[in-house]
Amino acid sequence: MAKGNELLEVIAAAVREGMEEEVLSRCEEALAAGIPAREIIQEGLCPGMKEAGELYERHEYFLPELLVAAEAMHAGIRMALPHLGESGAPGSSETVVLGVVEGDVHEIGKNLVAAMLEADGHRVIDLGYDVPPQRFLEQVRENGARVLALSTMMTTTLPNMRRTVELARAMADPPLIIVGGAPLSQAVAADMGADGYGENAAGAPALLRSLLG
Ligand code: B12
């Protein structure tokens, strides 16, 4: 039986190769070995997806291979999620409106954020991708959401995220705004007026807890 870090590497490789059955059996093994679910997601499943993304960028993978890797990752996430409660601290339950900003279809990272927030007990209203600013605002209003979570993976759609943040800030009762995605940093997020920035999905629940006090 593989141990600790070695097992997480095996999980990452299985995600990268899109081997869903292998991902599931190795995640089961890791949970049985007492590796925390959060670590399995953060150190095994996510790095595997990142590697698949890099292979795609180098034209060593085509779209089908990338999407099979994403499926394998999601299967592992679904298995790990019910075990997250053991490692996470209890927090308040909030309504979160979440989506990828207008012009951007990259949704794999956003889906992970949704899964992690739901596992932490929040009600997530997932608007999907390519979401215009007004739709975010409408949904925040209609659902009385206290949190707005925005994602983008492209520098070209950062201005759309900024615009959405500005409009949300100008609402009568503005939500708490958290943002994430590859082209962002703490500094960029602060500059656009967001309340918080999350580097990865696994840290999103803790980010919300710290902002909500
Ligand atoms: C997969 C992918 C695609 C897939 C998307 C499939 C899907 N259903 O999502 C497809 C093939 C469709 C695609 C299309 C395009 N892509 Co693309 N794509 C990627 C790739 C390879 C991986 C992205 C990914 O899923 N990563 C894995 C996830 C898990 O990571 P993540 O998204 O970063 O999310 C994590 C964190 O950022 C964070 N996070 C994310 N959001 C949020 C939100 C909150 C609130 C919080 C707290 C945290 C958080 O948590 C996540 C999990 O830990 C990247 C390159 C790369 N290596 O990153 C390029 C990349 C993003 N794409 C790029 C481009 C240019 C495009 C296209 C324009 C290409 C084209 N010419 O057609 C189109 C875009 C069309 C559009 N209008 O959006 C560029 C963007 C460059 C830029 N300008 O910044 C990249 C960087 C590639 C590159 N180097 O050129 N792409």
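Owing to the predicted nature of the structure, the values given are computational and were not obtained by experimental measurement. Counting of residues starts from 1 at the beginning of each chain's written sequence and follows it residue by residue. pLDDT decides what is reported in this predicted model: residues at 70 or higher carry local features, side-chain atom pairs at 80 or more are listed and counted, and totals for whole chains, interfaces and linings draw on all residues regardless.

## Some remarks on the overall build of the protein chain
Consideration 1: When you go through the protein chain residue by residue, the secondary structure sums to nine helices and five strands.
Consideration 2: Traced from its N-terminal end to its C-terminal end, the protein chain shows the element sequence α-α-α-α-β-α-β-α-β-α-β-α-β-α.
Consideration 3: The atom set for the radius of gyration is the C-alpha atoms, and the globule formula is 2.2 Å times the number of residues raised to the power 0.38. For 213 residues, the compact-globule formula gives about 17 Å, and the C-alpha radius of gyration of the protein chain, at 17 Å, lands near that figure.
Consideration 4: Principal-axis analysis of the C-alpha atoms gives the protein chain an extent of 55 × 40 × 30 Å.
Consideration 5: A buried classification covers 42% of the 213 residues belonging to the protein chain. Note on conventions: DSSP H or I runs of at least 4 residues are helices, E runs of at least 2 residues are strands, and numbering of each starts at the N terminus. As a rule, residues whose C-beta atom has 12 or fewer other C-beta atoms within 10 Å are exposed, those with 20 or more are buried, and those in between are partly exposed; C-beta atoms are placed from the backbone.

## Concerning the domain arrangement of the protein chain
Consideration 1: Once the domains are mapped, the protein chain shows domain 1 (4–86) and domain 2 (95–212).
Consideration 2: The gap between the C-alpha centroids of domain 1 and domain 2 is 24 Å.
Consideration 3: Only Asp, Glu, Lys and Arg are considered charged, only Ala, Val, Leu, Ile, Met, Phe, Trp, Tyr, Cys and Pro nonpolar, and every remaining residue, Gly among them, polar. Across the side of domain 1 that touches domain 2, the residue classes break down as seven nonpolar, one polar and one charged. The split into domains, and so the bounds of each, comes from an automatic or database assignment of domains.

## Regarding the pairing of strand 2 (residues 123–126)
Along any regular strand, the residues point their side chains to alternate faces of the sheet.
Consideration 1: Side chains of strand 2 alternate between two faces, with Val124 and Asp126 buried and Arg123 and Ile125 left unburied.
Consideration 2: Strand pairing is assigned whenever DSSP identifies at least 2 bridges connecting the two strands. Inspection of the sheet shows strand 1 (residues 95–100) paired to strand 2 by four bridges, in the parallel sense. Bridging across to strand 2, Leu98 finds its partner in Asp126.
Consideration 3: A clockwise path from the first strand over the helix to the second, with the strands pointing away from the viewer, defines a right-handed crossover. With respect to chirality, the unit in which strand 1 leads through helix 5 (residues 108–119) into the neighbouring parallel strand 2 is right-handed.

## Some points on unusual backbone geometry
Consideration 1: Although it is not a glycine, His59 adopts a positive phi angle of roughly 65°.
Consideration 2: Along the chain, His59 falls in the loop between helix 3 (37–57) and helix 4 (63–80).
Consideration 3: His59 sits in the exposed class, given 7 other C-beta atoms within 10 Å.

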